[in-house]
Amino acid sequence: MKEIKIVIAGPRGNMGREAVQLMQDTEHFNLVAVIDRKHEGKKLSELDGMPPLDVPVYTEIETCFTETQPEVLIDLTSPESGRKHIHAALEYGVRPVMGTTGFTQEEIIQLRQKTEEKGIGAIIAPNFAIGAILMMKFAQTAARYMPDVEIMEMHHDRKLDAPSGTAYKTAQLMAEVREAKIQGHQDEEETMEGARGAELEGMRIHSIRLPGLVAHQEVLFGGPGQTLSIRHDSINRASFMPGVRLSVETVLTLDTLVYGLEHIIE
Ligand SMILES: NC(=O)C1=CN([C@@H]2O[C@H](COP(=O)(O)OP(=O)(O)OC[C@H]3O[C@@H](n4cnc5c(N)ncnc54)[C@H](O)[C@@H]3O)[C@@H](O)[C@H]2O)C=CC1
Ligand SMILES: O=C(O)C1=N[C@H](C(=O)O)C[C@H](O)C1
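Residue positions within a chain follow its written sequence, with the count starting from 1. The order in which chains are written sets their letters, starting at A; the order in which ligands are written sets their numbers, starting at 1. Only residues with pLDDT of at least 70 get local features here, since the model is predicted, and only at 80 or more are side-chain atom pairs given and counted; chain-wide, interface and lining totals rely on the full set of residues. Where side-chain values are given, they derive from all heavy atoms of the structure, hydrogens and water being excluded.

- Within an unreviewed UniProt entry, the label attached to the protein reads 4-hydroxy-tetrahydrodipicolinate reductase, and the organism entered is Alkalicoccobacillus porphyridii.
- UniProt positions are given in the numbering used here, feature names are shortened, and annotations may be inferred rather than shown by experiment. Annotation of the protein in UniProt includes, under Subcellular location (unreviewed entry), the sentence "Cytoplasm".
- What UniProt states about the protein under its Pathway (unreviewed entry) heading is, verbatim, "Amino-acid biosynthesis; L-lysine biosynthesis via DAP pathway; (S)-tetrahydrodipicolinate from L-aspartate: step 4/4."

Okay, here's the thing in structure tokens:
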């Protein structure tokens, strides 16, 4: 297979570490640089807990792109940094694979327009895990028949964004097939703010943050005399890596922005 030149932003994070391992495990992936918050000018091998790779560390994404000329950026940082990085990547002709969550629908529309103007592929993946993608597809199917639905997403307590990108995407997929409707009692009142969660077209989203969790979501449907639960659990972050690999390989073939791996997994 043809070698792919890759930069990872956020290599010292939970996901970044797994992604660096993926680079080592995948023969045609060539990690040409990493983007870190600090350690400019060092080698990856000099950073705590990193493998002995002779890969340069940059803090400025523009300098990194100019000096290392990558084909793909894998971004696993924070919503704030991810926003900056995706724009920089598109400006420099580097194809972004964004694992970083927190993009709004308006941002995605604008970014898609930018990719199409530049004729360059990009992927925003709210969840790289195949089980999570299936969970979202199954939820979308169920929502056609059982429109009363609430989402409970559960994550580790270091997560910055709420609701999760996966929960937002799940709600969007269900909204495509379900009429907007008020759920619960029409006269319902919250006596404590937030008790009924976030809301998208009447669907409620509840975000739970606890130490000990990784990434979990349950989509709970209710109808007369019955409930249906569709649940996915990421037990560890290795669950995301096959999706990262597929995204890197696929983004090279795209000329627009793809939001969600359900579009590239048949
Ligand atoms: N799409 C998916 O399947 C998944 C997405 N995520 C998302 O990926 C992102 C990262 O998640 P984790 O690894 O758990 O977080 P983390 O907090 O463990 O790691 C983030 C890393 O990014 C670094 N960082 C932040 N801003 C930076 C910048 N400007 N330049 C360079 N490095 C920067 C931080 O220093 C940290 O080391 C989050 O947005 C999370 O929601 C996480 C798991 C799966
Ligand atoms: O922050 C995380 O951990 C995760 N973020 C993604 C999200 O917001 O949905 C994917 C997965 O749930 C893990």
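On we go from here.
1. Focus on the layout of surface pockets
Part 1: In this structure, the largest pocket encloses a volume near 1,100 Å³.
Part 2: Lining the largest pocket are 37 residues, and of these Met 15, Leu 76, Thr 77, Ser 78 and Thr 100 sit closest to its centre.
Part 3: Strands are runs of DSSP state E lasting at least 2 residues, helices are runs of H or I lasting at least 4, and numbering of each runs from the N terminus. Ranked by the residues each element gives to the lining of the largest pocket, the list is headed by helix α3 (residues 79-91), at four residues.
Part 4: Per-class residue counts for the lining of the largest pocket are twelve nonpolar, 17 polar and eight charged.
Part 5: Where each domain starts and ends comes from a domain assignment, either automatic or drawn from a database. A domain-level breakdown of the lining of the largest pocket finds at least three residues from each of domain 1 (4-128 + 238-263) and domain 2 (130-235). Cavity and pocket criteria rest on a 1 Å grid covering protein atoms alone: a 1.4 Å probe that fits but cannot get out defines a cavity, protein on both sides within 12 Å along at least 5 of 7 lines defines an open pocket, and an atom within 4 Å of a point defines a lining residue. Grid points are joined across faces, edges and corners, and a volume is the space filled by probe spheres set on the points. Residue type decides the class: Asp, Glu, Lys and Arg count as charged, Ala, Val, Leu, Ile, Met, Phe, Trp, Tyr, Cys and Pro as nonpolar, and the leftover types, Gly among them, as polar.

2. Considering the site of ligand 1
Part 1: What makes a residue near a molecule or strand is one non-hydrogen atom of that residue sitting within 4 Å of it. Around ligand 1 sit 22 residues, and of these Met 15, Ser 81, Thr 101, Ala 125 and Phe 128 come closest.
Part 2: Grid points define the cavity or pocket, and a molecule sits in it when more than half of its atoms lie within 2 Å of them. Here ligand 1 occupies the largest pocket.
Part 3: Elements that contribute at least two residues to the shell around ligand 1 include exactly α1 (14-25) and α3.
Part 4: Partitioned by chemical class, the residues of the shell around ligand 1 number seven nonpolar, ten polar and five charged.

3. Observations regarding the environment of Arg 196
Part 1: Mapped onto the secondary structure, Arg 196 falls in the loop between α6 (165-175) and β8 (198-200).
Part 2: It is 9.6 Å that separates the C-alpha atoms of Arg 196 and Gly 184, two residues lying twelve residues apart in sequence.
Part 3: Only heavy atoms matter for contacts: two residues are in contact if any of them lie within 4.5 Å across the pair. Beyond its immediate sequence surroundings of up to four residues, Arg 196 is in contact with Glu 150, Gln 183, Glu 188, Glu 190, Arg 204 and His 206.
Part 4: In terms of polar contacts, Arg 196 uses its side chain to reach the side chain of Glu 188, at 2.9 Å. Nitrogen and oxygen atoms within 3.5 Å of one another constitute a polar contact, given that in protein one can donate a hydrogen and the other can accept it, and given that sequence-neighbouring residues count only through two side-chain atoms.

4. Comments concerning the packing of α1 against helix α7 (residues 241-251)
Part 1: Working convention: axes come from line fits to C-alpha atoms, limited for helices to the stretch in contact. Angles between N-to-C directions cover 0 to 180 degrees. Contact geometry for α1 and α7: axes closest at 10 Å, N-to-C directions at 65 degrees. Seen along the crossing, α1 lies across α7 with a hand that is right-handed. Contact residues: Met 15, Glu 18, Ala 19 and Leu 22 in α1; Met 241, Val 244 and Arg 245 in α7.
Part 2: Residues that form the contact of α1 with α7 fall into these classes: five nonpolar, no polar and two charged. Crossings are sorted by hand: turned counterclockwise from the far helix by less than a right angle, the near helix makes the crossing left-handed, and turned clockwise it makes it right-handed.

5. Describing empty space enclosed by the protein
Part 1: Inspection of every chain in the model, using the stated rule, returns one cavity of 30 Å³ or more.
Part 2: The computed volume of the largest cavity comes to approximately 60 Å³.
Part 3: Residue lining of the largest cavity: Asn 127, Ala 132, Met 135, His 155, Ser 164, Thr 166, Ala 215, His 216, Gln 217, His 232 and Ser 234, and that is the complete set.
Part 4: Of all the elements in the fold, those that place two or more residues in the lining of the largest cavity are α5 (130-145), β10 (215-223) and β11 (226-234).
Part 5: Among the elements that take part in the lining of the largest cavity, β10 stands out by supplying three residues, more than any other.

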